[in-house]
Amino acid sequence: MFSAARGRGPLRYGILSAARGGTGRYDTRPVLRLKAEIMTRGSITIRNADPSDLDACFALFADALVYDAFSRGLLREKLWPDRWPPEMRGGALVAEEQGRIVGCMQHVVRASQRKAWIGLFAVASSHRRRGVARELFEHIRHLWPAETEEVEVLAIPGNYFSPGVDPRYTPALAWLEAKGFERFKDCVNMRASLARAFATVDDEARIRAAGVAVRRARPADGTLLDAFFAEHFGSDWRYEASLALEVDPPALHLAIEGDRVIAFAAHSTQNREWGFFGPMGTTPACRGRGVGRVLLCRCLNDLRAAGHASAVIPWVGPVSFYTRAVGAVVERVFWRFRRRGAIR
Ligand SMILES: CC(C)(COP(=O)(O)OP(=O)(O)OC[C@H]1O[C@@H](n2cnc3c(N)ncnc32)[C@H](O)[C@@H]1OP(=O)(O)O)[C@@H](O)C(=O)NCCC(=O)NCCS
């Protein structure tokens, strides 16, 4: 049993402070780790998760996340990505009882923004309401820099399973409320059918006549992309563009006017098995010229060619644009949660 954790007595945070190195400043190590296993009172051990836990974590999440279908590979990408977006460090803790993983919570920190995220979290149905998730969170928040001012849930830029909590995961809503999180925004995932390819030839000709070339990005476009994202949309989307550029062929389409990029659209940067579109963006001055639609359609045609029957357009945003452009429909709703103020 885990009843002692309900007592909210002091935990051994001395070990955790040592793991932080004491400065609270961002460093380049990619993973935030407990220095040592923490044997909490009772029979539960909290420890770092590592890729050798993938099968056990997959069993846990596959059982708990009943509204989602995903592979081990996708879970691995979320918990242990090959790379992190700029300035991010992450990790995951597991709760273990007699060698069996009964809980897991992922977390990510971006110290430069004084911001942290809880990523995927789940507790085995046999172990719910015993404070396991609470205990994982208590340990995690003491790994974060003391200056952290905001914690968000799931909507981790560049590597997210979902852009918020699907409210059908009702115990998660209750848990977040109990931990002082507030719901501050909703967003949706849309789905676009790929039953037929999208025609772009006429629109591309019209755009070309107006001086805008549309083409697939090339590995040599790095400098062009650096300039574009430095001026518009920022480093998180630059990071995603770099992932898209590494896909073969590059999963990135550009609109170029003169020697400047004016719009981009990407796909397959993450969650590839879901036919994941995005991000995309057109510079404010160039909106309303049909450029974005062409780039979107080129990406969807790529996903279709890769064998997807439909595409997910996540973390939307401008619903009317996607429904008008490609007939996409809202498929899922997510509630975004955050907790602001002193984290500890
Ligand atoms: C959400 C989840 C992780 C909570 O884990 P847990 O270990 O059972 O949560 P805790 O025992 O730490 O709960 C702490 C508090 O949260 C609230 N809470 C948690 N589950 C609740 C529920 N089902 N109903 C009402 N309140 C709940 C309570 O206030 C609880 O305190 P109490 O038991 O003293 O009343 C678990 O229900 C789960 O795995 N759900 C499926 C996966 C999921 O939805 N993950 C989130 C999206 S990734």
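Basis of the calculations
- Residues numbered from 1 in each chain as written.
- Predicted model: local features only at pLDDT ≥ 70, side-chain atom pairs only at ≥ 80, totals over all residues.
- Heavy atoms only, no water.
- Near = heavy atom within 4 Å.
- Polar contact = N/O pair within 3.5 Å; in protein donor to acceptor, adjacent residues only side chain to side chain.
- Helix = DSSP H or I, 4+ residues; strand = E, 2+ residues; numbered from the N terminus.
- Nonpolar A, V, L, I, M, F, W, Y, C, P; charged D, E, K, R; others polar.
- Patch = residues over 30% accessible without salt bridge, like charges linked within 9 Å, V, L, I, M, F, W, Y side chains within 5 Å.
- Areas by Shrake-Rupley, 256 points an atom, 1.4 Å probe, with all protein chains shown as cover.
- Salt bridge = Lys/Arg side-chain N within 4 Å of Asp/Glu carboxyl O.
- Buried < 20%, exposed > 50% of the residue type's maximum accessible area, 1.4 Å probe, protein only.
- pLDDT = per-residue confidence, 0-100.
- Contact = heavy atoms within 4.5 Å.
- Domains from an automatic or database assignment.
- Buried area = accessible area lost by both parts, 1.4 Å probe.
- Pairing = 2+ DSSP bridges.
- Axes fitted to C-alpha atoms, helices over the stretch in contact; angles between N-to-C directions.
- Parallel < 35°, antiparallel > 145°, perpendicular 65-115°, else oblique.
- Core = buried A, V, L, I, M, F, W, Y, C linked by side-chain atoms within 4.5 Å.

**A closer look at the site of the ligand**
Close contacts around the ligand come from 20 residues, with Phe121, Val123, Arg129, Gly131 and Arg134 the closest. At a separation of 3.4 Å, an oxygen atom of the ligand approaches a polar side-chain atom of Arg128. At 2.7 Å, a backbone N or O of Gly131 approaches an oxygen atom of the ligand. Looking at the shell around the ligand, the elements that each hand over two or more residues are strand 5 (115-123), helix 4 (132-141) and helix 5 (170-178). Looking at the shell around the ligand element by element, the count peaks at 5 residues for helix 5. Looking at the shell around the ligand residue by residue, the classes come out as 14 nonpolar, 1 polar and 5 charged.

**Some remarks on unusual backbone geometry**
The step from Gly278 to Pro279 runs through a cis peptide bond, and the omega angle for that step is 0 degrees. For Pro279, the position within the fold is in strand 11 (residues 277-282). Residue Gly317 is bonded to the preceding Val316 through a cis peptide linkage, with omega at 20 degrees. On the secondary structure map, Gly317 appears in the loop between strand 12 (310-316) and helix 10 (319-326). We note that Glu87 has phi near 65 degrees; this positive angle belongs to a residue other than glycine. Considering the arrangement of structural elements, one finds Glu87 in the loop between helix 3 (72-79) and strand 3 (89-97). Positive phi, close to 55 degrees, is recorded for Trp315, a residue that is not glycine. Along the chain, the position of Trp315 falls in strand 12.

**As for a nonpolar patch on the surface**
A cluster of nonpolar side chains, contributed by Val319, Val330 and Val333, occupies part of the molecular surface with about 200 Å² of accessible area. When you line up the elements, Val330 lands in strand 13 (residues 329-340). Looking at Val330, the relative accessible area reads 43%, which means it is partly exposed.

**Examining the confidence of the model for the protein**
Taken as a whole, the protein shows an average pLDDT of 91; of its residues, 91% reach a score of 70 or greater. Counted against residues more than four places away or in other chains, residues 1-28, with its pLDDT under 50, gives 54 contacts.

**Here's the deal with the domain arrangement of the protein**
How big an interface is tends to be stated in terms of the accessible area lost upon association of its parts. On domain assignment, one finds that the protein holds domain 1 (3-185 + 335-340) and domain 2 (196-308). A buried area of about 1,200 Å², summed over both sides, lies between domain 1 and domain 2, and 44% of it is on carbon and sulfur atoms. Looking at the side of domain 1 facing domain 2, the largest losses of area belong to Leu74, Arg83 and Gly158, adding up to 41% of the total buried there. Between the two partners, domain 1 and domain 2, sit 2 salt bridges. Note that Asp236 is salt-bridged to Arg110, the shortest N-O span being 2.6 Å. There are 10 residue pairs in polar contact (both at pLDDT 80 or more) connecting domain 1 and domain 2. The element contributing the most residues to the side of domain 1 that touches domain 2 is helix 3, with 3 residues. Residues that form the side of domain 1 that touches domain 2 fall into these classes: 9 nonpolar, 3 polar and 4 charged.

**Looking at the sheet that holds strand 1 (residues 38-39)**
The strand order across the open sheet built from 9 strands is 1-2-3-4-5-6-13-7-12, with neighbouring strands paired in mixed fashion. A strand with exactly one partner marks an edge of an open sheet, and here the two such strands are strand 1 and strand 12. Pairing analysis gives 5 bridges linking strand 7 (residues 182-193) to strand 12, with the strands arranged antiparallel. If you follow Ala192 over to strand 12, its bridge partner there is Ala311. Those strands touched by helix 10 are strand 7, strand 12 and strand 13, and its axis lies near 5 degrees from that of strand 7.

**A closer look at the environment of Thr323**
On the secondary structure map, Thr323 appears in helix 10. Residues Thr323 and Arg191, spaced 132 residues apart in sequence, show a C-alpha to C-alpha distance of 9.4 Å. In contact with Thr323, other than residues within four places in its own chain, are Met190 and Ala328.

**Quick look at the packing of helix 2 (residues 54-64) against helix 3**
To characterise two packed helices, one gives the angle between the axes of the helices and the distance between these axes. Helix 3 packs onto helix 2 with a crossing angle of 105 degrees between their chain directions and a minimal axis gap of 10 Å. Viewed along their axes, helix 2 and helix 3 adopt a mutual orientation that is roughly perpendicular. The segment helix 2 lies against helix 3, with Leu54, Asp55, Cys57, Phe58 and Phe61 engaging Arg72, Leu75, Arg76 and Leu79. Among the residues making up the contact of helix 2 with helix 3, the classes are represented as 6 nonpolar, no polar and 3 charged.

**Remarks on the nonpolar core**
Judged by nonpolar contacts, the single largest core of 59 residues is most densely connected at Phe61, Phe70, Leu75, Met105, Ile118, Trp144 and Val165. In this view, Val165 contacts Val153, Leu154, Ala172, Leu173, Leu176, Val333, Phe334, Trp335 and Phe337; residues no more than four positions away in its chain are not counted.

**Considering the side chain of Asn48**
Along the polypeptide, Asn48 turns up in strand 2 (residues 44-48). Among the polar contacts listed, one links the side chain of Asn48 to the backbone nitrogen of Leu34, at a separation of 2.7 Å. The residues contacting Asn48, other than those within four sequence positions of it, are Leu32, Arg33, Leu34, Asp53, Ala92, Leu93 and Val94.

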